[in-house]
Amino acid sequence: MGAVRGRAAGEKGADDAASPCPCACAERVGAPADGPDTCAIVVAGGSGERFGDPRGKQFVDLVGLPLMCWSVAAFDRAPSVARIVVVCAPERAAEVERDVLGRLSLAKPVTLAPSGPTRQASVRSGLDATPRGLDLVAVHDAARPLVETELVERVIAAVRADETLGGAILATRCTDTLKLVEGTQIVATPDRSFYWAAQTPQVFRRRVLLAAHKAAEHEEYQGTDDASLVERVGGRVRVVESTRDNLKVTVPEDLAIAEATLERRLLM
Ligand code: CTP
Ligand code: MG
């Protein structure tokens with residue numbers, strides 16, 4: 001593990017210049033003047049049990065490429081991202097090198113890190129492989145192939161714009177009516193307007209996320225995302241509104257939706 005390919009960290013590409021946020025908010029998207037400040041961590045070490053394909057959902061074909069290629073490519077295009085850490089099972093590292101990284105002409109350096117038994121352990125492994133010199137980390141599920149570079153930049157810009165934040169995450173407003181249920185009995189109908197569905201990427205100050213992971217490990221806490229680890233040690237995390245397109249491929253039906261969305265985008 002630890003293979004590196006691509007350009008040297010900090011080298012600039014043609015599209016690295018900062019540009020105004022398309023929604024005309026105060027946040028500027030694009031790399032800051034002193035260069036890209038973010039290391040992406042793409043976690044691809046799961047076994048995809050709910051998806052059920054023996055290859056693992058991150059390797060199944062999505063519009064001609066292994067599914068995880070699409071998110072790695074989206075981070076590679078992001079002006080704020082200096083380098084990428086891909087977390088995968090050690091026994092699949094050669095396959096990732098050949099069939100994922102080898103199929104893309106990436107501009108940024110990529111390092112491989114070994115996955116762990118849980119998503120949280122995999123993120124921690126990826127975090128340990130990130131360089132100290134980059135202030136921000138963007139944690140992303142390889143199982144979300146439809147993430148768009150513009151949204152990656154928006155969530156990074158949100159953290160950069162507010163020093164009091166430990167992090168920011170992409171999320172969508174809940175549109176279904178929510179029920180709190182015990183067994184099959186409805187106990188409450190919470191006010192939906194307070195609820196958002198968390199996605200990735202989730203972007204944090206590197207030192208904050210590392211401290212949160214160490215605290216969780218010490219207290220044997222397992223969260224389902226990284227924001228929850230930062231929240232429980234008192235870090236402020238905000239949401240950046242995302243789109244439902246950025247779905248997580250969990251079951252085979254999700255793959256058909258992802259395929260249709262990607263094909264539509266490629267035709268536009
Ligand atoms: N992941 C990981 N290491 C693990 C478990 C999960 O890197 N030990 C990654 C997955 O590869 C995926 C992301 O975390 O990109 C989100 O996890 P999930 O959607 O739950 O994927 P799997 O754990 O692979 O699927 P399942 O829970 O159905 O087995
Ligand atoms: Mg899982």
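Please read these numbers as outputs of a predicted model, since none were measured by experiment.

Undergrad: Whenever I open this one, the nonpolar core confuses me. Can you help?
TA: Membership of the largest hydrophobic core comes to 49 residues, with the highest contact counts inside it found for Met68, Val72, Phe75, Ile84, Val86, Val96 and Leu101. Ranked by the residues each element gives to this core, the list is headed by helix α1 (residues 68-76), at seven residues. Among the nonpolar cores identified, the runner-up in size contains 23 residues, and Cys39, Val85, Leu209 and Ala227 belong to it.

Undergrad: Help me understand the pairing of strand β10 (residues 167-173) in this model?
TA: Side-chain positions along a regular strand alternate between the two faces of the sheet. Among the seven residues in β10, six count as buried, and that is most of the element. As paired elements, β10 and strand β13 (residues 196-205) share six bridges and run antiparallel to each other. Looking at β13, one finds that Thr172 is bridged to Ala197.

Undergrad: I keep staring at unusual backbone geometry and nothing clicks. Help me out?
TA: It is generally the case that most residues other than glycine have a negative phi and that most peptide bonds are trans. With an omega of 10°, the peptide bond running from Thr200 to Pro201 counts as cis. Its location among the elements puts Pro201 in strand β13. Positive phi outside glycine occurs at Val63, with the angle close to 50°. Along the chain, Val63 turns up in the loop between β5 (61-62) and β6 (65-66). Residue Glu220 is not a glycine yet carries a positive backbone phi of 55°.

Undergrad: Just to check I follow, could you spell out the site of ligand 1 for this structure?
TA: Around ligand 1 sit 19 residues in total, of which Gly45, Gly48, Glu49, Ser122 and Lys248 are the nearest. Between ligand 1 and Gly45 there is a distance of 2.7 Å, counted from an oxygen atom to a backbone nitrogen or oxygen. In the environment of ligand 1, a nitrogen atom lies 3.3 Å from a nitrogen or oxygen atom belonging to the backbone of Thr118. Considering only residue class, the shell around ligand 1 consists of five nonpolar, eight polar and six charged.

What counts, and at which threshold
Along each chain, residue indices are assigned from 1 in the same order as the chain's sequence is written. Chain letters and ligand numbers both follow the written order, the letters beginning at A and the numbers at 1. Under the rules for a predicted model, residues below a pLDDT of 70 receive no local features and side-chain atom pairs below 80 are neither given nor counted, while totals for whole chains, interfaces and linings still include all residues. Computation of side-chain values: all heavy atoms of the structure, hydrogens and water removed. Definition used in this section: a nonpolar core is a set of buried Ala, Val, Leu, Ile, Met, Phe, Trp, Tyr and Cys residues joined via side-chain atoms within 4.5 Å. Only protein chains enter the accessibility calculation, which uses a 1.4 Å probe; a residue whose area is less than 20% of its type maximum is buried, one above 50% is exposed, and one in between is partly exposed. A run of H or I in DSSP counts as a helix once it spans at least four residues, and a run of E counts as a strand once it spans at least two, with each numbered from the N terminus. At least two DSSP bridges between two strands are needed for those strands to be called paired. Only heavy atoms are used to decide nearness, and a residue is near a molecule or strand if one of them lies within 4 Å of it. Polar contact is the term for a pair of N or O atoms within 3.5 Å; when the atoms are in protein, one must be able to donate a hydrogen and the other to accept it, and sequence-neighboring residues count only if both atoms are side-chain atoms. Residue classes follow a fixed rule: Ala, Val, Leu, Ile, Met, Phe, Trp, Tyr, Cys and Pro count as nonpolar, while Asp, Glu, Lys and Arg count as charged, and any other residue, Gly among them, counts as polar.

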